[in-house]
Amino acid sequence: MKVRTRFAPSPTGYMHIGNLRTALYEYLIAKANDGDFILRIEDTDQKRYVEGATEIIYNTLKTVGMNWDEGPDKGGNYGPYIQSERKSLYAEYAHKLVELGGAHYCFCSKNEADEEKNEELNIKFKDPCKLIPLEEAKKRVAAGEPYVIRQTVNKKGKSKYHDEVYGDIEIDYDELDEGVLLKSDGFPTYNFANVVDDHLMQITHVVRGNEYISSTPKYNLIYEDFGWEHPHYVHVPQVMKDAQHKLSKRNGDASFQDLVAKGYLPEAILNYIALLGWNPGTEQEIFSLEELTKVFSIERLNRSPAIFDITKLTWMNGCYIRALSAEKFHQLALPYYRDMPAYVNLEALSQTLQPRIETLKDIETQTDFIKAVPDYSVDLYFNKKMKTDADIARQNLPAIKEALETQSEWTNQALFDYLKALAEKLGVKNGQILYPLRIALSGKETTPGGATEIAVILGKEETLRRIEAAIAKLG
RNA sequence: GGUCCCAUCGUCUAAUGGUUAGGACACCACCCUUUCACGGUGGUAAUAUGGGUUCGAAUCCCGUUGGGAUCACCA
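Keep in mind the model is a prediction, meaning the values are calculated, not measured. (Residues numbered from 1 in each chain as written. Chains lettered and ligands numbered in written order. Predicted model: local features only at pLDDT ≥ 70, side-chain atom pairs only at ≥ 80, totals over all residues. Heavy atoms only, no water.)

K.L.:
Would you explain unusual backbone geometry in this entry?
P.N.:
With a phi close to 55°, glutamine 202 is a non-glycine residue in the positive phi region. With respect to the helices and strands, the residue glutamine 202 is situated in the loop between helix H6 (190–200) and strand E8 (205–209). According to the relative accessible area criterion, glutamine 202 is partly exposed, its value standing at 43%. Of note, lysine 387 is a non-glycine position whose phi angle comes to about 55°, a positive value. Looking at where lysine 387 falls in the secondary structure, it is placed in the loop between helix H15 (368–371) and helix H16 (390–405). (Helix = DSSP H or I, 4+ residues; strand = E, 2+ residues; numbered from the N terminus. Buried < 20%, exposed > 50% of the residue type's maximum accessible area, 1.4 Å probe, protein only.)

Structure representation (structure tokens):
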């Protein structure tokens, strides 16, 4: 049988990291087995619907290259792929389930149902409405009385099922709530819609967060009552913010969109989250999506929760940035150059920046001195190792300026050789020329690249102007 | 609270009865060097705890502790 997995997000806002990881595992399970990856939008809760959220889902999946084989925009043999468009289908199946004895009509208000429960005595909600004879219940429904359809749990003993990650799970039927399957507004709850859809769409592997482990027996009951076979279950551990809290939208934790905005590359984010809860069994850590589909296996999925570590993602992002071609990096950097003065040599800037940044956003802080030299203290000219200080700078800067004025080949290598020769001629150390020059050009203790690289970035004219300004400042 | 799940360096993880408990990030040191970074070398650092089983336990079993999930007309 062909493997079919589905990503079934609800359009309630941006895409968070845990969600994207689940989608990734679903995609990989499908693609590692030559199967289909299906996108289904679960919008049965109209109160939580957020405008534009569906587009975010599409864009995110496209950005990372996880292409779906069937979905709302793409069609397929099992549509529609938006649950709100399948509304009548659920009602049909819910009523059928009532006939089969797996569910019943309930006329309780929400409050009444809540009161029935007794948490201290640990009594699960067992709906009194299930005692209403079916014929009578149908009459009340026909008469227009508001109702919901609740699952009926009559079984006793232990429910057992196998999970591909967690192994055999055993839960007592008494632990199962008789939850609402079809709401009074006619929409199904997740508990019902996911079963009906997964069956109808012939999903073979259900991948979801492990918070569903304990409610899975309820779903299995529905599969049984319909006489359907249940899919393979792949429950995956949570992605945590720290040891106590999971990553969540409500806390405003970083979403995929946020990370991209912070200068992380989609490929790096995807690579990093693949490794949160899964490992290849080798020491390789850098994987493209393509490579992942080749080495992924369910068996190597982990059972314990994983903390999202932005530091390691940052390192990995740096790896991806360094691996970029010079042209590609320049393209990605361009938006960050928007306010650069005209004299700046952008290609040279990119070249200098690429090995030095870990996120694209670093460009902003690394290049702040380019627009204007900050107001710095002349103490900056002091460097013990380079044997320089303000006096040395005062002494050498005019000579550097004079030398550079006649220099025509304005490349890093040429400038470096030239200034090295100058140092020799003056009988001073290289550092006594280069260090003061770098400070004069940047006004910063640390800069991307050395004196000559900065000179190339600034161009000859601006370089000379800045040296002049520095000489004036030193007095 | 009931039930279920989880437990190896700070973090992500490897080791599926026999390893000096391995790798990666981070951190520290050194090297390279025109500052910074990249790169290279080395280092600090873990089997939560108590019992079993076994010649031998991170690994299997039981208890304890700690953490998480779930108990919605949310998904």
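Next comes the rest of the write-up.
K.L.:
Would you mind showing me how to read the side chain of glutamate 26 here?
P.N.:
For glutamate 26, the location among the structural elements is in helix H1 (residues 17–32). Ignoring any residue separated from it by four or fewer positions in sequence, one finds glutamate 26 in contact with Thr5, Arg6, Phe7, Phe37 and Val207. (Contact = heavy atoms within 4.5 Å.)

K.L.:
It is not clear to me how the pattern of salt bridges should be interpreted in this structure. Could you clarify?
P.N.:
Once their charged atoms are close, side chains differing in charge can pair, the charge on each being opposite to the other. Scanning all chains against the criterion turns up 27 salt bridges. Note that arginine 465 is salt-bridged to glutamate 462, the shortest N-O span being 2.8 Å. Taken as a pair, arginine 465 and glutamate 462 lie in helix H19 (residues 451–474) at a separation of 3 residues, close to a single helical turn. Salt bridges linked by common partners bring Arg6, Glu26, Arg40, Glu42, Arg86, Asp197 and Asp198 together as one network. (Salt bridge = Lys/Arg side-chain N within 4 Å of Asp/Glu carboxyl O.)

K.L.:
Sorry if this is basic, but what is going on with the packing of H16 against helix H18 (residues 430–442) here?
P.N.:
Helix packing for two helices is described by the angle between their axes and how far apart those axes are. Relative to each other, H16 and H18 sit at 85°, their axes nearing to 9 Å. In terms of their interaxial angle, H16 and H18 are classed as roughly perpendicular. Contacts between H16 and H18 involve Ile392, Ala393, Asn396, Leu397 and Ile400 on the former and, on the latter, Gln432, Ile433, Pro436, Leu437 and Ala440. When its residues are assigned to classes, the contact of H16 with H18 shows 8 nonpolar, 2 polar and no charged. (Axes fitted to C-alpha atoms, helices over the stretch in contact; angles between N-to-C directions. Parallel < 35°, antiparallel > 145°, perpendicular 65-115°, else oblique. Nonpolar A, V, L, I, M, F, W, Y, C, P; charged D, E, K, R; others polar.)

K.L.:
Sorry, what's going on with the packing of aromatic side chains here?
P.N.:
Within a pair of aromatic rings, the relevant descriptors are the distance that separates the centres and the angle that separates the planes. Counted according to the given criterion, the structure contains 15 aromatic pairs. Between tyrosine 93 and phenylalanine 226, the aromatic rings sit 5.7 Å apart at their centres with planes inclined by 80°, giving edge-to-face as the arrangement. One end of the pair, tyrosine 93, is in helix H3 (residues 87–100); the other, phenylalanine 226, is in helix H7 (residues 216–226), with 133 residues separating them in the sequence. This pair shows no difference in class: tyrosine 93 is buried, exactly as phenylalanine 226 is. (Phe/Tyr/Trp six-rings, centres within 6.5 Å; stacked < 30°, edge-to-face > 60°.)

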